[in-house]
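An overview of the molecular structure
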Amino acid sequence: MSRLVHSRDEEPERREMDIRSSSSHRQPQVHKVGLPPKQNIFEEFKATLKETFFSDDPFRPFKDQPGSKKFILGVQAIFPILEWGRSYNLTKFRGDLIAGLTIASLCIPQDIGYAKLAHLAPQYGLYSSFVPPLIYAFMGSSRDIAIGPVAVVSLLLGTLLQNEIDPVNTEEYLRLAFTATFFAGITQVTLGVLRLGFLIDFLSHAAIVGFMGGAAITITLQQLKGLLGIQKFTTKSDIISVMKSVFRAAHHGWNWQTIVIGLSFLAFLLVAKYIGKKHKKFFWLPAIAPLISVVLSTFFVFITRADKQGVQIVKHIEKGINPPSLNQIYFTGQYLGKGFRIGVVAGMVALTEATAIGRTFAAMKDYQLDGNKEMVALGTMNVIGSMTSCYVATGSFSRSAVNYMAGCHTSVSNIIMSIIVFLTLEFITPLFKYTPNAILAAIIISAVIGLMDIDAVILIWKIDKFDFIACMGAFFGVVFISVEIGLLIAVSISFAKILLQVTRPRTALLGKLPGTTVYRNALQYPEATKIPGVLIVRVDSAIYFSNSNYIRERILRWLIDEEEQLKKLCEPQIQYLIVEMSPVTDIDTSGIHDLEELYKSLLKKDVQLILANPGPVVIDKLHASGLASKIGEDRIFLTVADAVATCFPKLPPQV
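Scope of this entry: the structure provided in the associated data block. (Residues numbered from 1 in each chain as written. Predicted model: local features only at pLDDT ≥ 70, side-chain atom pairs only at ≥ 80, totals over all residues. Heavy atoms only, no water.)

**As for the packing of aromatic side chains**
- Inspection of the entire model under this criterion finds 15 aromatic pairs.
- When the centroid spacing of 5.2 Å and the interplanar angle of 80° are considered together, the rings of phenylalanine 475 and phenylalanine 476 count as edge-to-face.
- In this structure phenylalanine 475 comes out as buried when scored by relative accessible area, which is 17%.
- Among the residues examined, phenylalanine 476 registers a relative accessible area of 40% and is labelled partly exposed.
- Among the aromatic residues, those joined into a cluster by ring pairs are Phe182, Phe183, Phe331 and Phe340.
- The ring of tyrosine 367 has arginine 143 sitting right over it, with the charged end atom 4.1 Å from the ring centre.
- The ring centre of tryptophan 558 lies 4.1 Å from the NZ or CZ of arginine 554, which sits over that ring. (Phe/Tyr/Trp six-rings, centres within 6.5 Å; stacked < 30°, edge-to-face > 60°. Buried < 20%, exposed > 50% of the residue type's maximum accessible area, 1.4 Å probe, protein only. Lys NZ or Arg CZ within 6 Å of the ring centre and 35° of its normal.)

**A short note on the nonpolar core**
- Among the nonpolar cores identified, the biggest contains 105 residues, and Leu120, Leu157, Phe211 and Val421 are the most heavily contacted of them.
- Here this core gets 10 residues from one element, more than from any other, and that element is helix H9 (residues 170-193).
- Leaving out residues up to four positions away in the same chain, valine 421 has contacts with Cys107, Ile108, Leu126, Ser129 and Phe130.
- Core analysis: the next-biggest nonpolar cluster, separate from the first, contains 34 residues, Ile551, Leu559, Met581 and Ile587 among them. (Core = buried A, V, L, I, M, F, W, Y, C linked by side-chain atoms within 4.5 Å. Helix = DSSP H or I, 4+ residues; strand = E, 2+ residues; numbered from the N terminus. Contact = heavy atoms within 4.5 Å.)

**Focus on empty space enclosed by the protein**
- Scanning all chains against the criterion turns up three cavities of 30 Å³ or more.
- Empty space within the largest cavity amounts to approximately 80 Å³.
- Around the largest cavity, the lining residues are Val539, Ile543, Ser548, Ile551, Arg552, Ile555, Val579, Met581, Gly591, Asp594, Leu595 and Leu598.
- Secondary-structure elements contributing two or more residues to the lining of the largest cavity are helix H23 (548-568) and helix H24 (589-604).
- Here the residues of the lining of the largest cavity are counted per class, giving eight nonpolar, two polar and two charged. (1 Å grid on protein atoms, 1.4 Å probe; cavity = no way out; pocket = protein on both sides within 12 Å on 5 of 7 lines; lining within 4 Å. Points joined across faces, edges and corners; volume = space filled by probe spheres on them. Nonpolar A, V, L, I, M, F, W, Y, C, P; charged D, E, K, R; others polar.)

**A closer look at helix H25 (residues 616-625)**
- Those residues of H25 that sit buried are Val618, Ile619 and Leu622. Each buried residue of H25 sits inside an arc of 95° when the element is viewed along its axis, so together they form one side. Exposed and facing more than 90 degrees away from the buried side of H25 are Pro616 and Ala624.
- Where the residues of H25 are buried, they touch H24, strand E7 (608-612), helix H26 (627-631) and strand E8 (636-637).
- Just beyond H25, the residue with positive phi is glycine 626, at close to 85°. (Arc of directions from axis to C-beta.)

**Some details on unusual backbone geometry**
- The phi dihedral of histidine 119 falls on the positive side, at around 60°, and the residue is not glycine.
- Its place among the elements puts histidine 119 in the loop between helix H5 (90-117) and helix H6 (122-127).
- For histidine 119, a relative accessible area of 32% translates into the label partly exposed.
- In this structure, aspartate 606 takes a positive phi of about 60° despite not being glycine.
- Structurally, the position occupied by aspartate 606 is in the loop between H24 and E7.
- On the basis of relative accessible area, aspartate 606 is assigned to the exposed category, the value being 66%.

Purely spatial values, then, with no claim about function.
If you want it as structure tokens, here you go:
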């Protein structure tokens, strides 16, 4: 009996404990936002600097290594060939030999044509496929890039040089070309050594697509001079000037023999390219088609003496390897500044093209490419090239694609190509005397057609309309004005996009997904519901001086719009404004100031500011500025769900 009474007396207590236990389970546990450990200011600055410029930790292999080993690793870092060369074997050499021979057959006729684009004598194109590829083979880290002159850089360099010096003044023009090449190399080396390669990423992919497409059309139009046999042709590159020049010469300036030769072999080159694209096993056909065209057309002109009928020919290519040109570079005088300016522009464009090509093929073969090493290698080869009668060389997409398809294993394929070019310069150049200019024009046209990527333009339109504007701006700038203006438009629109994204970051209203404690963008998830009396806003950007005022005003506009809607619906007004700060990676002094101004503005409206999930950098700065204590540390939460639960402790249990 006593036991029964005792148990009855304990029953209310037990019941009360069960209720407390149940309510404690229902009430979500609220976690406080942790403060990051205090760091030494110097150490923090050092860590930031390291992450900015040495994010790939290039000195990692040198750690815990003896001095002699560090020296060997250092030499291998500068000359990667010493590292992979130890495992080089006959099987790899076979692949590189075939690839080298194949790209040599493609590069020789292309180089002669590209030199004409730069308004240089044909041999300078060949010079630029002899020395630079050798340097790159020892210093470059890409296995697939084929080095030499390329159409876009040749056109850009020729246009910029022509604006300063008439190509008729051969000696001065040539000296300025070498000076520009020297500074192009210096620019590339500097970017690599100072690890500033991220600067070339400011030229967006969309802008590059538009610029390349415009350059392809400009190059094609300029080849009409050689394809139609026109002798007097405009020096301007815009489409209106070129077409006027073409139609002006229609009655008396066109040469029908030249047209027949040019169009016939252009058709042959395009068919060969089509077959090679459709049937991968015939990849070699478009590679050797240009050389076949040169041989056949040269033989045809020689036996028929078509040059006597007005067919323009190459006439003379200087025999012998690269003569030294260090003494021709302008290190003083009025052309020094001009050479520097042209070199920087040409060097950056060349670097952008080579980097894009290198990354593409590295991804296809699944190996890593060190961008900064690439810049040093490309820059070094152009600096040395400028001293050996070369103009700006870089990675060629068409040749690199052929190199890849031919089965290259290492950059030895570049060495093989250089040897073939060397033999050509020493023994074969006199045979090019009767090569018609129409063939070179046809080769260039067939090569640059691939620069017009229609599929990429369509994809850009689907993904991002602003990117499409950048693409079209660069395209029309090149086609209708000039190459340098098109490039300027491309860079300007790319920067404008960055500025727009930085100064006008996205903000979003959040709602609660039914049956969860998850809060998401109400536009993306229409089923997400608003919490009565609470406005939840997410800021999707770091808060800096450039956007802090906009963010403050945008949040207040969200609040005003919401209050107006609630008044119409006769619902309770906003009492709490929760700012979800997880995307906010950083905040500066201006950001802190505008956040404080937002807090004061909300106080006047009887609205409590609450912060959710600020990152370590942000919470540290909030405490350092004293704003955290002003807002109230009990108003800074780990999650939006914690903030809502604390604001409304009587909310029904979260399911």
